[in-house]
Number of protein chains: 2
Amino acid sequence: MSRRRGLIDMFELESMDGKARAGMLRTAHGDVRTPAFMPVATKAVVKTLTPEEVWATGARMLICNSLHLHLRPGTGLVSSMGGIHKYMGWGGAVFTDSGGFQLIRSGFDLKIRDSGIKYRNGVTGAVEELTPERSVEIQRELGADVAMALDDCPKYGTGRAGIEQSCARTVAWARRAADVRPAECQMFFGIVQGGLDECLRKECADALVSLGLDGFGIGGLSIGEPREQMMRAVRWSLEAIPASKPRYLMGVGSAAELLDSIAEGIDLFDSAFPTRNARHWTIMTAQGSFGLAKAEHSSFAGPLEEGCACPVCGRYSRAYLHHLCKENEMLAMRLASIHNLFFVEQLLARSREAIRQGRFSAFREDFMAQFRKSPDTSEEE
Amino acid sequence: MSRRRGLIDMFELESMDGKARAGMLRTAHGDVRTPAFMPVATKAVVKTLTPEEVWATGARMLICNSLHLHLRPGTGLVSSMGGIHKYMGWGGAVFTDSGGFQLIRSGFDLKIRDSGIKYRNGVTGAVEELTPERSVEIQRELGADVAMALDDCPKYGTGRAGIEQSCARTVAWARRAADVRPAECQMFFGIVQGGLDECLRKECADALVSLGLDGFGIGGLSIGEPREQMMRAVRWSLEAIPASKPRYLMGVGSAAELLDSIAEGIDLFDSAFPTRNARHWTIMTAQGSFGLAKAEHSSFAGPLEEGCACPVCGRYSRAYLHHLCKENEMLAMRLASIHNLFFVEQLLARSREAIRQGRFSAFREDFMAQFRKSPDTSEEE
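Residues numbered from 1 in each chain as written. Chains lettered and ligands numbered in written order. Predicted model: local features only at pLDDT ≥ 70, side-chain atom pairs only at ≥ 80, totals over all residues. Heavy atoms only, no water.

## Considerations on the overall build of chain A
Alright, step 1. Helix and strand counts for chain A come out as 15 helices and 16 strands.
Alright, step 2. Taken over C-alpha atoms, the radius of gyration comes to 20 Å for chain A, in line with the 21 Å a tight globule of 381 residues would show.
Alright, step 3. Over its C-alpha atoms, taken along the principal directions, chain A stretches across nearly 60 × 50 × 45 Å.
Alright, step 4. Sorting the 381 residues of chain A into buried and exposed places 62% on the buried side.
Alright, step 5. Relative to all contacts within chain A whose residues are 6 or more apart in sequence, the contacts with residues 24 or more apart total 67%.
Alright, step 6. When the accessible surface of chain A is totalled, it reaches about 13,900 Å², and 49% of it is carbon and sulfur.
Alright, step 7. The average position of the 46 basic charges and that of the 47 acidic charges among the side chains of chain A differ by 2 Å. (Helix = DSSP H or I, 4+ residues; strand = E, 2+ residues; numbered from the N terminus. Rg over C-alpha atoms; globule rule 2.2 N^0.38 Å. Buried < 20%, exposed > 50% of the residue type's maximum accessible area, 1.4 Å probe, protein only. Contact = heavy atoms within 4.5 Å. Areas by Shrake-Rupley, 256 points an atom, 1.4 Å probe, with all protein chains shown as cover. Lys, Arg positive; Asp, Glu negative; His and termini not counted. Charge placed at Lys NZ, Arg CZ, Asp CG, Glu CD.)

Structure (structure tokens):
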């Protein structure tokens, strides 16, 4: 079951500071320092941005959605164009999600059975089945650096019996997926389910660990549960995962949650939060977030964030961006997306540095003290 | 009435080739080679693009709309931020249109009287009057390099009496505007009206020329009339304007019309055509235009246009851009806008070179022979 390429470990844990970890994920498309945040490129594009702009925010790894790309433009096409990296012009690493989460969240008229997920293909109208094996094939065709196992992700509020069934399916599907011959140079991560239940989280994680996978997503969270419950479920999941394996908390991207989760030992994150925020005119800063549409910004000659080194803050006034926002101009969505991604990538870079220097806890406290000053911070949390 | 700054002519006619002209417009924000095409930045933004991206297409001059900017964010604000160039971060030259045309085209619930244009301010709800004098003040506050006189632009199909009245008002308003003390370093252009009538075009142009203005827009065209009638009206207007003055055909941006008008002696153009086309997925190329949404482009690994030196064609496949188009992604609108503007700016650059080398007529014939090959060219014309 070992998927190691030659003698090089795919993940190296380099320093620990409390439970916080700094390491290196070695992918076929470059080494990525962890903890790392992946911008979301569901349909092979980080909304509104070019690959160069995303790279300039500090991001070195994206996450695409294999199911969305299977539906359109089709994985065969992406493969014939040289794979997902070449297709979208991205020089960094690419994760692909399996698509189970998207199916369940987006109302694809689906039926979940032990064999897989039956759903209606909105492009062709046909009913198709996404099996764990097919999901691996799709992600192999795309040429992702890291593929995710198909999981059965229950909705927030599902009862214990439902969560148990989801865990059993998730483990069985991961086993079937792992039996498919892995792609060259592709890592394969399982996804820990188990809702908000300690026993189920640990059992699910234990079972997945026994499959010898390359890393572990922590799924089924950030879907409506209170933050303390989420953090408990993160802790339970992590306790069962060996320290040598990378751990990826799926769907988390707010500053406070990122820092809390890094403190627990998470290595990888993804979220549409910074870019979706930007398209809704919420600007993330170290002093908390603010709404760009508010009239108070109309004549402010300074940047979005004082002292920010992003390409937007060096070039545009908040007043001009406010004007573009009032006119609903796409340019403002672009520039706000760049700023917000830069903000999150900077937060991760500073966290990595703090962990290596053994002062993550102080860094986190200082950051949060600043961050909570703004009355707008609630929008962020 | 002379508005010359020191000893330097604001416009230098450098070469002629038939009636086609190559020259230089000297503005307070740089010298601009003519014939030149101005991308449209109505609300202080070329839709979807940064100033750097617009500059990289070859454009050196934009046109903003003074009325739109008066309504939002307000010219006082723009002035307090250092003027329109600094406000939007554009290092090149800026024309401002007076806004009369926009009022008439956009249903502002208006009344045109001899004193000016009464309209409802959609932002405040108040009824305001745009007078020729106020229009000059607004454009001075914005700090445009070239201000346009307020004109009375009749709709296509207006009868002779209506056109006569529009000419009389346009001339009277230009006289009143010219009596306002001009801004330092700002040129002031009148706008020739006269519909599709030879006498009225010439009378209007003669009257404006007698005011000693810095240049002349040719207005009231490209609003629905057949192209041959438009070209006749252009010729009549030009015959009355001295060779030493720059001539600006307002609202023209399709390849064929640009070349036809350059051949008649037009120096300046503006149009939203290339950028609006792009946002509707029409790609302009030397072989004619094509619709990016068509399925035939889904697996084409080549660029939008073979041999094109624009930043998009050097970087992205047509297949990928087609995918973004099917997903209605803003990034595709951006990239198509860059390509289309680059295409038009290249056409102007090649025209300027051909005129200087005395081979414009052959260049135009060769270009049109290629351009008409595509079955999609009709979309362009």
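## Some details on the relation of the copies chain A and chain B
Alright, step 1. With an RMSD of 0.0 Å, chain A superimposes on chain B once it is rotated by 180° and translated 0.0 Å along the axis. Such a turn and shift between the copies fits a two-fold axis. Using C-alpha coordinates, one finds that chain A approaches the rotation axis most closely at Met330 of chain A, a distance of 3.7 Å.
Alright, step 2. Both copies present the same face, since 100% of the interface residues in chain A are matched by interface residues at the equivalent positions in chain B. (Least-squares fit on C-alpha atoms with pLDDT ≥ 70 in both.)

## Observations concerning the packing of aromatic side chains
Alright, step 1. The tally for this structure, following the rule as stated, stands at 18 aromatic pairs over all chains.
Alright, step 2. With a centroid separation of 6.2 Å and 15° between ring planes, the pair formed by Tyr316 of chain B and Tyr320 of chain B is classed as stacked. Each member of the pair, Tyr316 of chain B as well as Tyr320 of chain B, carries the same accessibility label: buried.
Alright, step 3. Three or more aromatic residues link up through ring pairs in this structure, and these residues are Phe343, Phe360, Phe363, Phe367 and Phe371 of chain A.
Alright, step 4. Here the basic side chain of Arg315 of chain B rests over the ring of Tyr316 of chain B, its NZ or CZ set 5.7 Å away from the ring centre. (Phe/Tyr/Trp six-rings, centres within 6.5 Å; stacked < 30°, edge-to-face > 60°. Lys NZ or Arg CZ within 6 Å of the ring centre and 35° of its normal.)

## Some thoughts on the sheet that holds strand β4 (residues 36–39) of chain A
All names here are of chain A.
Alright, step 1. Read from one edge to the other, the open sheet built from 8 strands follows the order β4-β14-β13-β12-β11-β10-β6-β5, with strand pairing classed as parallel. A single partner strand is all that each edge strand has here, and the edge strands are β4 and β5 (61–65). Between one strand and the next, the sheet's axes are offset by a mean angle of 25°, whatever the strand orientation.
Alright, step 2. Here 2 bridges tie strand β6 (residues 93–97) to strand β10 (residues 146–148), and the two strands are oriented parallel to one another. (Pairing = 2+ DSSP bridges. Axes fitted to C-alpha atoms, helices over the stretch in contact; angles between N-to-C directions.)

## Re the pattern of salt bridges
Alright, step 1. For the structure on display, the rule yields 48 salt bridges over all chains.
Alright, step 2. Residue Glu264 of chain A is joined to Arg235 of chain A by a salt bridge in which the shortest nitrogen-to-oxygen separation is 2.8 Å. Here Glu264 of chain A, found in helix α10 (residues 255–264), pairs with Arg235 of chain A, found in helix α9 (residues 227–239); they are 29 residues apart in sequence, far enough to count as distant.
Alright, step 3. A relative accessible area of 28% places Arg235 of chain A in the partly exposed class.
Alright, step 4. Between Glu137 of chain B and Arg134 of chain B there is a salt bridge; the shortest N-O distance is 3.2 Å. Separated by 3 residues within a single helix, Glu137 of chain B and Arg134 of chain B lie in helix α6 (residues 132–142), roughly one turn from each other.
Alright, step 5. Residue classification places Glu137 of chain B among the partly exposed positions, given a relative accessible area of 35%.
Alright, step 6. Salt bridges sharing partners connect three or more residues here, namely Glu53 and Arg334 of chain A together with Glu53 and Arg334 of chain B. (Salt bridge = Lys/Arg side-chain N within 4 Å of Asp/Glu carboxyl O.)

## Brief notes about the packing of helix α12 (residues 318–326) of chain B against helix α13 (residues 330–356) of chain B
Residue and element names in this part refer to chain B.
Alright, step 1. It is the contact of α12 with α13, at a shortest axis distance of 7 Å, that shows an interaxial angle of 130°. Compared by their axis directions, α12 and α13 come out oblique. Like other packed secondary-structure pairs, α12 and α13 cross with a definite hand, here left-handed. Facing α12, whose interface residues are Tyr320, Leu321, Leu324 and Cys325, α13 presents Leu331, Ala332 and Leu335.
Alright, step 2. In terms of residue class, the contact of α12 with α13 is made up of 7 nonpolar, no polar and no charged. (Parallel < 35°, antiparallel > 145°, perpendicular 65-115°, else oblique. Left-handed = near helix turned anticlockwise from the far one by under 90°. Nonpolar A, V, L, I, M, F, W, Y, C, P; charged D, E, K, R; others polar.)

## What to know about the confidence of the model for chain A
Alright, step 1. Across chain A, the average pLDDT comes to 93, with 95% of residues at or above 70.
Alright, step 2. The complex prediction reports pTM at 0.95, with the ipTM value standing at 0.95. (pLDDT = per-residue confidence, 0-100.)

## Some remarks on the sheet that holds strand β1 (residues 11–17) of chain A
Residue and element names in this part refer to chain A.
Alright, step 1. Read from one edge of the open sheet, 3 strands run β1-β2-β3, paired in antiparallel fashion. Here the strands that pair on one side only, and so sit at the sheet edges, are β1 and β3 (30–34). Strand-to-strand, the axes of this sheet are offset by a mean angle of 15°, without reference to chain direction.
Alright, step 2. In this sheet, β3 lies alongside strand β2 (residues 20–27) in antiparallel orientation, the contact comprising 5 bridges. When the bridges of β3 are listed, Leu25 appears paired with Val32.

## A closer look at helix α7 (residues 160–179) of chain A
Residues and elements named next belong to chain A.
Alright, step 1. Here α7 contains 20 residues, and its C-alpha end-to-end distance of 29 Å stays within 8% of the 28 Å for a straight helix at 1.5 Å per residue.
Alright, step 2. Residues of α7 that are buried: Ile163, Ser166, Cys167, Arg169, Thr170, Val171, Trp173, Ala174, Ala177 and Ala178.
Alright, step 3. Buried residues in α7 make contact with β7 (111–112), β8 (117–120), α6 (132–142), β11 (187–192) and α8 (198–209). (Expected span 1.5 Å × (residues − 1).)

## Remarks on the interface of chain A and chain B
Bring the parts together and some accessible area is lost; that lost area is often taken as the interface size.
Alright, step 1. If you look at the interface, chain A gives 37 residues, while chain B gives 38 residues.
Alright, step 2. Interface area, chain A with chain B, both sides summed: about 3,200 Å², of which 55% is carbon and sulfur.
Alright, step 3. On the chain A side of the interface with chain B, the three residues burying the most area are Arg72, Tyr320 and Met330 of chain A, jointly 18% of the side's total.
Alright, step 4. Across the chain A-chain B interface, the total number found is 10 salt bridges.
Alright, step 5. Across the pair Arg315 of chain A and Glu52 of chain B runs a salt bridge whose closest N-O atoms are separated by 2.2 Å.
Alright, step 6. Seen at the junction of chain A and chain B, the total is 20 residue pairs in polar contact (both at pLDDT 80 or more).
Alright, step 7. Of all elements in the fold, only α1 (51–56), α4 (84–88), α12 (318–326) and α13 (330–356) of chain A reach the threshold of two or more residues within the side of chain A that touches chain B.
Alright, step 8. Of the residues assigned to the side of chain A that touches chain B, the class counts are 20 nonpolar, 7 polar and 10 charged. (Buried area = accessible area lost by both parts, 1.4 Å probe. Polar contact = N/O pair within 3.5 Å; in protein donor to acceptor, adjacent residues only side chain to side chain.)

## A short note on the pairing of strand β9 (residues 127–130) of chain A
Residue and element names in this part refer to chain A.
Alright, step 1. Note that β8 and β9 share 4 bridges and pair antiparallel. Residue Lys118 lies in a different strand from β9, and its bridge partner there is Glu129.
Alright, step 2. Joining the antiparallel neighbours β8 and β9 is a turn of 6 residues, in which Gly125 adopts a positive phi near 85°.

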